[in-house]
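Summary of the model geometry
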Amino acid sequence: MKRRRLMAEMNVVPYIDVSLVLLVIFMLSAPLLTQGVNVNLPKGVTKPVSDKIPPVLISVTRQGAILVQYKGHHSAVALDDLATAVGHIAAASHDQVQVLVGGDAHVDYGKVMAVMARLQEAGISHVGLLTRPEGH
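This section reports on the structure supplied with the text.

Reading the values: rules and limits
- Residues numbered from 1 in each chain as written.
- Predicted model: local features only at pLDDT ≥ 70, side-chain atom pairs only at ≥ 80, totals over all residues.
- Heavy atoms only, no water.
- Salt bridge = Lys/Arg side-chain N within 4 Å of Asp/Glu carboxyl O.
- Helix = DSSP H or I, 4+ residues; strand = E, 2+ residues; numbered from the N terminus.
- Buried < 20%, exposed > 50% of the residue type's maximum accessible area, 1.4 Å probe, protein only.
- Pairing = 2+ DSSP bridges.
- Axes fitted to C-alpha atoms, helices over the stretch in contact; angles between N-to-C directions.
- Contact = heavy atoms within 4.5 Å.

Let us now look at the pattern of salt bridges. Applying the stated criterion to the full structure yields one salt bridge. Of the charged contacts, one joins Asp-80 and Arg-118 as a salt bridge, the two residues approaching to 2.9 Å between their closest N and O atoms. With Asp-80 in the loop between β3 (73–77) and α2 (82–93) and Arg-118 in helix α3 (residues 109–121), this pair connects stretches of sequence that are 38 residues apart. Judged by its relative accessible area of 58%, Asp-80 is exposed. Classification of Arg-118 by relative accessible area gives partly exposed; the value is 24%.

Structure below.
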């Protein structure tokens, strides 16, 4: 009587098949997950800003102009000069200055993000987005 020898190898072919099927599924579904939805961002439920320290208000107009307002003073600045202008205000205030960025509802989102990127480069850590209360 012949004894059969036990097979001690693992068959990995089914695991490779499953892995390839999952890879194909993820490759097909990934582009569907990155599509966006058009929303109107400037409206929302928000808390009022603290009145203790006056914030620096930066507005991006529909035409793309950047306006800086601090303690009643208004000035138009170029995107390249924004970090310098806000840096001077922060240095003069000697306190942690809060910067609020607002954009027209129809302005290109990239322009608002460019403003926020310049503020981050300038080392401004307290940046918020302005919104209108709903119903206004």
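This is not the end of the story, as more comes after the structure.
Take the sheet that holds β3 next. In spatial order, the strands read β3-β2-β1-β4-β5; together these five strands make up an open sheet with mixed pairing. The sheet is open, and its two borders are formed by β3 and β5 (127–129), each paired with just one other strand. When strand polarity is set aside, the average angle formed by the axes of neighbouring strands in this sheet is 25°. Here five bridges tie strand β2 (residues 66–70) to β3, and the two strands are oriented antiparallel to one another. Within β3, the residue paired with Leu-67 across the bridge is Ala-76. Contacts from α3 reach β1 (56–60), β2, β4 (99–103) and β5, with the element oriented near 165° to β4.

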